[in-house]
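A structural walkthrough
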Amino acid sequence: MAASKYRAFLKLCESWPVLKNRDQRDVSILLKKRVMEAFTKGEASVVNVEECEKINDSLHRISNNFHKRKWERTVDTNATGSSLGALDDVLSEKSLSKISSENVKGLKAKLNDIFKKKS
(Lines give C-alpha, C1' and ligand atoms only; values in the text may rest on other atoms or scores of the structure.)
Protein backbone atom coordinates (compact mmCIF):
# COMPACT_ATOMS: atom_id res chain seq x y z
CA MET A 1 0.00 0.00 0.00
CA ALA A 2 2.86 2.38 0.76
CA ALA A 3 4.24 1.79 -2.74
CA SER A 4 1.14 3.28 -4.37
CA LYS A 5 1.28 6.29 -2.02
CA TYR A 6 4.96 6.78 -2.82
CA ARG A 7 4.22 6.73 -6.55
CA ALA A 8 1.31 9.17 -6.02
CA PHE A 9 3.62 11.60 -4.22
CA LEU A 10 6.25 11.29 -6.96
CA LYS A 11 3.59 12.04 -9.57
CA LEU A 12 2.50 15.07 -7.55
CA CYS A 13 6.11 16.28 -7.32
CA GLU A 14 6.45 16.04 -11.11
CA SER A 15 3.23 17.98 -11.73
CA TRP A 16 3.91 20.71 -9.15
CA PRO A 17 4.58 24.06 -10.84
CA VAL A 18 8.19 25.24 -10.55
CA LEU A 19 9.04 28.93 -10.18
CA LYS A 20 12.33 29.54 -11.93
CA ASN A 21 13.14 32.81 -10.13
CA ARG A 22 13.05 31.30 -6.63
CA ASP A 23 15.82 28.66 -6.91
CA GLN A 24 16.19 26.95 -3.52
CA ARG A 25 13.14 28.62 -1.96
CA ASP A 26 10.59 27.04 -4.28
CA VAL A 27 7.77 24.96 -2.80
CA SER A 28 8.39 22.14 -5.28
CA ILE A 29 11.92 21.68 -3.92
CA LEU A 30 10.63 21.56 -0.35
CA LEU A 31 7.93 19.11 -1.38
CA LYS A 32 10.46 16.75 -3.00
CA LYS A 33 12.68 16.97 0.07
CA ARG A 34 9.82 16.10 2.42
CA VAL A 35 8.73 13.16 0.27
CA MET A 36 12.27 11.77 0.32
CA GLU A 37 12.40 12.19 4.11
CA ALA A 38 9.04 10.45 4.61
CA PHE A 39 9.81 7.61 2.20
CA THR A 40 13.42 6.90 3.16
CA LYS A 41 13.20 3.34 1.80
CA GLY A 42 11.26 4.28 -1.33
CA GLU A 43 8.33 2.01 -2.05
CA ALA A 44 9.31 -0.26 0.87
CA SER A 45 8.78 2.50 3.46
CA VAL A 46 6.26 2.04 6.24
CA VAL A 47 3.90 5.02 6.43
CA ASN A 48 0.49 5.98 7.74
CA VAL A 49 -1.66 5.42 4.64
CA GLU A 50 -4.60 7.56 5.79
CA GLU A 51 -2.33 10.49 6.59
CA CYS A 52 -0.59 10.14 3.21
CA GLU A 53 -3.93 10.20 1.37
CA LYS A 54 -5.03 13.27 3.30
CA ILE A 55 -1.79 15.19 2.61
CA ASN A 56 -1.67 14.11 -1.03
CA ASP A 57 -5.27 15.21 -1.63
CA SER A 58 -4.61 18.59 -0.02
CA LEU A 59 -1.44 19.21 -2.01
CA HIS A 60 -3.15 18.09 -5.20
CA ARG A 61 -5.94 20.64 -4.66
CA ILE A 62 -3.35 23.38 -4.08
CA SER A 63 -1.30 22.51 -7.17
CA ASN A 64 -4.38 22.48 -9.39
CA ASN A 65 -5.69 25.83 -8.03
CA PHE A 66 -8.90 24.15 -6.85
CA HIS A 67 -9.61 26.79 -4.22
CA LYS A 68 -8.77 29.68 -6.55
CA ARG A 69 -11.29 28.41 -9.09
CA LYS A 70 -13.93 27.53 -6.49
CA TRP A 71 -13.88 30.98 -4.88
CA GLU A 72 -13.16 33.19 -7.87
CA ARG A 73 -12.14 36.74 -7.02
CA THR A 74 -13.39 39.61 -9.11
CA VAL A 75 -10.37 41.81 -8.38
CA ASP A 76 -6.83 40.64 -7.67
CA THR A 77 -5.65 42.59 -4.65
CA ASN A 78 -3.03 42.22 -1.94
CA ALA A 79 -1.93 43.99 1.21
CA THR A 80 0.80 45.99 -0.53
CA GLY A 81 -1.28 47.17 -3.47
CA SER A 82 1.47 45.97 -5.84
CA SER A 83 0.89 43.92 -8.98
CA LEU A 84 1.62 40.20 -9.08
CA GLY A 85 4.56 40.80 -11.42
CA ALA A 86 6.09 43.36 -9.06
CA LEU A 87 5.77 40.99 -6.12
CA ASP A 88 7.38 38.16 -8.11
CA ASP A 89 10.26 40.48 -8.97
CA VAL A 90 10.77 41.46 -5.33
CA LEU A 91 10.73 37.84 -4.16
CA SER A 92 13.12 36.62 -6.85
CA GLU A 93 16.61 35.40 -5.95
CA LYS A 94 18.12 38.31 -7.88
CA SER A 95 16.29 40.93 -5.79
CA LEU A 96 16.93 39.17 -2.50
CA SER A 97 20.64 38.82 -3.23
CA LYS A 98 20.77 42.51 -4.15
CA ILE A 99 19.13 43.45 -0.86
CA SER A 100 21.47 41.23 1.15
CA SER A 101 24.52 42.54 -0.73
CA GLU A 102 23.58 46.11 0.14
CA ASN A 103 24.22 45.11 3.74
CA VAL A 104 20.97 46.63 4.98
CA LYS A 105 20.67 46.10 8.71
CA GLY A 106 17.41 44.99 10.20
CA LEU A 107 15.86 46.36 13.37
CA LYS A 108 17.41 43.65 15.54
CA ALA A 109 20.93 44.36 14.26
CA LYS A 110 20.48 48.10 14.76
CA LEU A 111 19.29 47.61 18.34
CA ASN A 112 22.21 45.26 19.06
CA ASP A 113 24.64 47.90 17.80
CA ILE A 114 23.05 50.59 20.00
CA PHE A 115 23.19 48.45 23.15
CA LYS A 116 26.76 47.30 22.46
CA LYS A 117 27.90 50.91 22.26
CA LYS A 118 26.31 51.72 25.63
CA SER A 119 28.00 48.78 27.38
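Scoring rules and cut-offs
Residues numbered from 1 in each chain as written. Predicted model: local features only at pLDDT ≥ 70, side-chain atom pairs only at ≥ 80, totals over all residues. Heavy atoms only, no water. Helix = DSSP H or I, 4+ residues; strand = E, 2+ residues; numbered from the N terminus. Rg over C-alpha atoms; globule rule 2.2 N^0.38 Å. Buried < 20%, exposed > 50% of the residue type's maximum accessible area, 1.4 Å probe, protein only. Areas by Shrake-Rupley, 256 points an atom, 1.4 Å probe, with all protein chains shown as cover. Lys, Arg positive; Asp, Glu negative; His and termini not counted. Charge placed at Lys NZ, Arg CZ, Asp CG, Glu CD. Core = buried A, V, L, I, M, F, W, Y, C linked by side-chain atoms within 4.5 Å. Contact = heavy atoms within 4.5 Å. Salt bridge = Lys/Arg side-chain N within 4 Å of Asp/Glu carboxyl O. Polar contact = N/O pair within 3.5 Å; in protein donor to acceptor, adjacent residues only side chain to side chain. pLDDT = per-residue confidence, 0-100. Patch = residues over 30% accessible without salt bridge, like charges linked within 9 Å, V, L, I, M, F, W, Y side chains within 5 Å.

Counting its secondary structure elements, the protein chain contains seven helices and zero strands. For the protein chain, the sequential pattern of α-helices and β-strands runs α-α-α-α-α-α-α. Taken over the C-alpha trace, the protein chain has a radius of gyration of 21 Å; the compact-globule value for 119 residues is 14 Å, which it surpasses by more than 25%. By residue count, 18% of the 119 residues in the protein chain fall in the buried class. Carbon and sulfur atoms provide 57% of the accessible area of the protein chain, an area that totals close to 9,700 Å². With 24 positive and 16 negative side-chain charges, the protein chain shows a spacing of 6 Å between the two charge centroids.

With that settled, consider the nonpolar core. Ranked by size, the top nonpolar core spans twelve residues in total: Ala2, Tyr6, Phe9, Leu12, Cys13, Trp16, Leu31, Val35, Phe39, Val47, Cys52 and Leu59. The element that contributes the greatest number of residues to this core is helix H1 (residues 2-15), accounting for five residues. With residues up to four places along the chain from it excluded, the contact list for Phe39 reads Ala2, Lys5, Tyr6, Phe9, Ser45, Val47 and Cys52.

Before going further, it helps to spend a moment on the pattern of salt bridges. Any two side chains of opposite charge can pair if their charged atoms end up close together. Summed over all chains, the structure comprises one salt bridge. The partner of Glu53 in a salt bridge is Lys5, with the nearest N and O atoms 3.1 Å apart. Pair noted here: Glu53 is in helix H3 (residues 49-63) and Lys5 is in helix H1, with a separation of 48 residues, a long-range link.

Next up on the list: the side chain of Ser63. Looking at the secondary structure, you find Ser63 in helix H3. Polar side-chain contacts of Ser63 include one of 3.1 Å to the backbone oxygen of His60. Excluding residues within four positions of it along the chain, Ser63 makes contact with Leu12, Trp16 and Pro17.

Per-residue confidence for the protein chain averages 81 on the pLDDT scale, and 92% of its residues sit at or above 70. The weakest mean pLDDT in the protein chain belongs to helix H6 (residues 93-101) at 75; the strongest belongs to helix H4 (residues 66-70) at 91.

A few words now on a nonpolar patch on the surface. Taken together, the side chains of Leu107, Leu111, Ile114 and Phe115 present a nonpolar region at the surface, about 410 Å² in accessible area. One can find Phe115 in helix H7 (residues 107-118). Judged by its relative accessible area of 52%, Phe115 falls in the exposed class.

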